[in-house]
Amino acid sequence: MAETHVLFVEDDDVIREATQLALERDGFVVTAMPDGLSGLAAFRADRPDIALLDVMVPGLDGVSLCRRIRDESTVPVIMLSARADSIDVVLGLEAGADDYVTKPFDGAVLVARIRAVLRRFGHATGGQTIGEPEPQQVGGVLVFGDLEVDTEGMAVHRAGEQVALTPTEMRLLLEFSAAPGTVLSRDKLLERVWDYGWGGDTRVVDVHVQRLRTKIGQDRIETVRGFGYKLRP
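Now for a quick tour of the structure. Please read these numbers as outputs of a predicted model, since none were measured by experiment.

### With respect to the overall build of the chain
Counting secondary structure elements, the chain contains 8 helices and 11 strands. Taking all 233 residues of the chain together, the buried fraction comes to 47%. If you take every contact in the chain between residues at least 6 apart in sequence, the share linking residues at least 24 apart comes to 58%. Of the roughly 11000 Å² of accessible surface on the chain, a fraction of 50% belongs to carbon and sulfur atoms.

### Here we look at the sheet that holds strand E9 (residues 161–162)
If you walk across this open sheet you meet the 4 strands as E6-E7-E8-E9, and the pairing is antiparallel. The outermost strands of the open sheet, each flanked by one partner alone, are strand E6 (141–144) and E9. Sheet analysis places E6 next to strand E7 (residues 147–150), joined by 4 bridges and oriented antiparallel. Within E7, the residue paired with Val 141 across the bridge is Asp 150.

### Some words on unusual backbone geometry
A cis amide bond links Lys 103 to the next residue, Pro 104, at an omega of -5°. Relative to the helices and strands, Pro 104 is located in the loop between strand E5 (99–102) and helix H5 (107–124). Not every positive phi belongs to a glycine, and Arg 47 is a case in point at roughly 50°. Locating Arg 47 in the fold gives a position in the loop between helix H2 (36–46) and strand E3 (50–54). Positive phi is not limited to glycine here, since Ala 159 has a value of about 55°. With respect to the element layout, Ala 159 can be found in the loop between strand E8 (155–158) and E9.

### Some remarks on the packing of H2 against helix H3 (residues 62–72)
Running from N to C, H2 and H3 point in directions that differ by 20°, and their axes come no closer than 10 Å. Comparing the axis directions of H2 and H3 gives the class roughly parallel. By crossing handedness, the relation of H2 to H3 is classed as right-handed. Together, Gly 36, Leu 40, Phe 43 and Arg 44 of H2 and Leu 65, Arg 68, Ile 69 and Glu 72 of H3 make up the contact between the two elements.

### Points about the sheet that holds strand E1 (residues 5–9)
One open sheet accounts for 5 strands, arranged E2-E1-E3-E4-E5; its pairing is parallel. With one partner strand each, in any of the chains shown, strand E2 (29–33) and E5 form the two edges of the open sheet. Adjacent strand axes in the sheet meet at a mean angle of 20° when their direction is disregarded. With 4 bridges joining them, strand E4 (residues 77–81) and E5 adopt parallel strand pairing. Across the sheet, residue Ser 81 finds its bridge partner in E5, namely Thr 102.

Parameters at a glance
- Numbers given to residues run from 1 along each chain, matching the order in which its sequence is written.
- Residues qualify for local features only when their pLDDT is at least 70, as the model is predicted, and side-chain atom pairs are given and counted only at 80 or more; totals for whole chains, interfaces and linings, by contrast, use all residues.
- Think of the side-chain values as coming from all heavy atoms in the structure, minus any hydrogens and water.
- Only DSSP runs of H or I with at least four residues qualify as helices, and only runs of E with at least two residues qualify as strands; both kinds are numbered from the N terminus onward.
- Burial classes follow relative accessibility: with a 1.4 Å probe on protein chains only, a residue under 20% of its type's maximum area counts as buried, one over 50% as exposed, and anything between as partly exposed.
- The criterion used for residue contact is that any of the two residues' heavy atoms lie within 4.5 Å.
- Here the Shrake-Rupley method, with its probe set to 1.4 Å, supplies the accessible areas, and only the displayed protein chains count as covering residues.
- We call two strands paired when DSSP finds no fewer than two bridges between them.
- Working convention: axes come from line fits to C-alpha atoms, limited for helices to the stretch in contact. Angles between N-to-C directions cover 0 to 180 degrees.
- Comment on the angle field: the value is read as roughly parallel under 35 degrees, roughly antiparallel over 145, roughly perpendicular from 65 to 115, and oblique elsewhere.
- For any helix crossing, the convention is left-handed if the near helix is rotated counterclockwise from the far helix by under a right angle, and right-handed if that rotation is clockwise.

Right, here's the structure in full:
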């Protein structure tokens, strides 16, 4: 099986070197860069499988770098922040990140989050992850008003125009499409889409739902206060 290539952008020398060694011990190939501009150059040259971006890096900050990467690719992105500040978290997620980890972090936790994101990416792009059953397919094209969801071809069209979704957004939409009209709680979505077997930050869900709404229609996903979200049939 091909090795997973990680782009790691972190300006703190100690954290960068220690994290690189820890990831390499777990079998990852790591390209570590100290600033955003060199990180962008490395991304374009190497086309890694996943990017870990610290929010506060010089030259081109992590949020701006995430936006640049997202303009060119759907590669999964995890943001790293020294603070659990809502602004850091929301800015990173709105820029297109799939998840975030707060520093200081445990190496085993970071590896688990990386692997969880990669599993979601594999499923969303129709790939197969070793050791996991393939996700159930509803089959055919599901139609919700002007929205068409091809659950086998992993394609989405709105009013005849193709909608570009990130793998995480696609996974989220597939969960809603499999149970239209059914309220899905934030915790359930964290478990199914983000592969969290533990409690997670529900802001991740809220920001991704809002991003999905901007692409498929603001009224297509309804908020059910106190319970979660549902897709309008």
